[in-house]
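# Working through the structure, step by step
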Amino acid sequence: LAIDADTRYLDPNAAAKKVSDLLRQHSASHPQIVFKKVDSTLRGNVAHELGAALRIQRELQARSSPVVAVLAPAFPANGRTTVKGRQLLNGRPLEKTEIWRRERKQGSSYIPEMLAEAGLRSALLDLETVRASNGDLRNVVVDLARSADVLVCDSEMESDLAAVANAASFLGAQAVGAGSAGLAYWLPQALSLAPTARVISGQSLAKGQTLFVIGSPSNSSREQAKALEPSSNIVTIPL
């Protein structure tokens, strides 16, 4: 079940409340896996929403075993990586990029600092730990889950995210997975979730004319709009 909470531009308290309400509304009578999607450039209320998800999951679990959030916001395919706890875009700290300047986002891209502002205790798993080949990552995750709220995982490559997903899956419902589409890609396999057999037929898609709305002022979006313009079948209306 995927839910779009639409909280990016809410204030932190309102965003946290909405996440809490949604989790309670869709909670099941049995332990369930929760994945909190976050933006790979850390826009929105990442820390406060993750804190809300963690609190509700702890309430619903009501077990002696600790519930911890495993956070890996990297998305290497799009140049977003996490090194020494700092989120980078094409190797540059986010606070020095166009994305943060355009949205007037303040603060630091150092994730533990961001989490601390929301009252969350964090532990950093560096690349050496994430890439350990002898099963240490799973043991470290289990051990740190006893004392931390959020485990911040460095990731530079797809194999790093796969390792984080495998380690988090060992905790099952005792872990709140959190990350971008990068981590989300690896979780189903780590959790041994089979894909559904349902296929949407092309006949069910809307017919007729299509409207593209490109509303972001980013350079990437401007280039996407330019890629559409040469087509003789497209009328461009700049606003």
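None of these values were measured; they are calculated from a predicted model.

### Examining the overall build of the protein
The number of helices and strands found in the protein is 9 helices and 8 strands. Since a compact globule built from 239 residues should have a radius of gyration of about 18 Å, the 19 Å found for the protein is in line with a globular shape. For the protein, the spread of C-alpha atoms along the principal axes amounts to about 60 × 45 × 40 Å. A burial count over the protein gives 40% of its 239 residues as buried. On the protein, roughly 14,200 Å² of surface is accessible, and the fraction owed to carbon and sulfur atoms is 51%. Computed over 27 positive and 23 negative side-chain charges, the inter-centroid distance for the protein is 4 Å.

### Some words on the packing of helix α6 (residues 136-144) against helix α7 (residues 158-169)
Running from N to C, α6 and α7 cross one another at 50°; their axes reach a closest spacing of 9 Å. In terms of orientation, α6 and α7 fall into the oblique class. As for the relative orientation of α6 and α7, their crossing is right-handed in sense. Residues Leu-137, Arg-138 and Val-141 of α6 lie in contact with α7, whose contacting residues are Ala-163, Val-164, Asn-166 and Ala-167. Residue composition of the contact of α6 with α7, grouped by class: 5 nonpolar, 1 polar and 1 charged.

### Focus: the sheet that holds strand β5 (residues 92-93)
The strand order across the open sheet formed by 3 strands is β3-β4-β5, and the pairing between neighbours is antiparallel. The open sheet has two free edges, formed respectively by β3 (80-83) and β5, since each of these has just one partner strand. Examined bridge by bridge, strand β4 (residues 86-89) and β5 share 2 bridges and lie antiparallel to one another. Looking at the pairing, Leu-88 lines up with Pro-93 of β5.

### Concerning the pairing of strand β6 (residues 122-125)
Only one face of β6 is covered, namely the one carrying Ala-123 and Leu-125; the face carrying Ser-122 and Leu-124 has none of its residues buried. The pairing of β6 with strand β7 (residues 150-153) spans 4 bridges and is classified as parallel. What sits directly across from Leu-124, in β7, is Val-152.

### Quick word on the nonpolar core
Counting residues in hydrophobic clusters, the biggest one holds 28 residues, and the most contacted among them are Leu-42, Leu-50, Leu-71, Leu-115, Val-150 and Val-176. Contributing elements (two or more residues each) for this core: α1 (12-25), α2 (46-61), β2 (68-72), α3 (98-102), α4 (111-116), β7 and β8 (175-179). In terms of residue count, α2 provides more of this core than any other element does, 7 residues in total. Not counting residues up to four positions away in its chain, the partners in contact with Leu-115 are Ala-47, Leu-50, Leu-71, Leu-120, Ser-122, Val-150 and Val-152. Ala-72, Ala-145, Ala-168 and Ala-190 belong to the second largest nonpolar core, which has 25 residues in total.

### Quick notes on the pairing of β7
Neither face of β7 is left uncovered, since the one carrying Val-150 and Val-152 and the one carrying Leu-151 and Cys-153 both have all their residues buried. Pairing of β2 with β7, which is carried by 3 bridges, proceeds in the parallel orientation. Within the sheet, the bridge partner assigned to Ala-69 lies in β7 and is Val-150.

### Some details on the environment of Gln-87
Relative to the helices and strands, Gln-87 resides in strand β4. Between the alpha carbons of Gln-87 and Phe-75 there is a distance of 10 Å; along the sequence they are 12 residues apart. Excluding its chain neighbours within four sequence positions, the residues that come into contact with Gln-87 are Ser-40, Leu-42, Pro-73, Ala-74, Arg-80, Thr-81, Thr-82, Arg-92, Pro-93, Leu-94, Ser-109 and Ile-111.

### Here's the deal with the sheet that holds β8
Taken together, the 5 strands give an open sheet; going across it, the order is β1-β8-β2-β7-β6, and neighbouring strands pair in parallel fashion. Here the strands that pair on one side only, and so sit at the sheet edges, are β1 (34-37) and β6. For this sheet, the mean inter-axis angle between neighbouring strands, taken without regard to orientation, is 20°. Across the face of the sheet, α7 comes into contact with β2, β7 and β8 while running at roughly 170° to β2. Strands in contact with helix α8 (residues 181-190) are β1, β2 and β8; relative to β1, the strand with the most contacts, it is inclined by about 160°.

Calculation rules
Residues numbered from 1 in each chain as written. Predicted model: local features only at pLDDT ≥ 70, side-chain atom pairs only at ≥ 80, totals over all residues. Heavy atoms only, no water. Helix = DSSP H or I, 4+ residues; strand = E, 2+ residues; numbered from the N terminus. Rg over C-alpha atoms; globule rule 2.2 N^0.38 Å. Buried < 20%, exposed > 50% of the residue type's maximum accessible area, 1.4 Å probe, protein only. Areas by Shrake-Rupley, 256 points an atom, 1.4 Å probe, with all protein chains shown as cover. Lys, Arg positive; Asp, Glu negative; His and termini not counted. Charge placed at Lys NZ, Arg CZ, Asp CG, Glu CD. Axes fitted to C-alpha atoms, helices over the stretch in contact; angles between N-to-C directions. Parallel < 35°, antiparallel > 145°, perpendicular 65-115°, else oblique. Left-handed = near helix turned anticlockwise from the far one by under 90°. Contact = heavy atoms within 4.5 Å. Nonpolar A, V, L, I, M, F, W, Y, C, P; charged D, E, K, R; others polar. Pairing = 2+ DSSP bridges. Core = buried A, V, L, I, M, F, W, Y, C linked by side-chain atoms within 4.5 Å.

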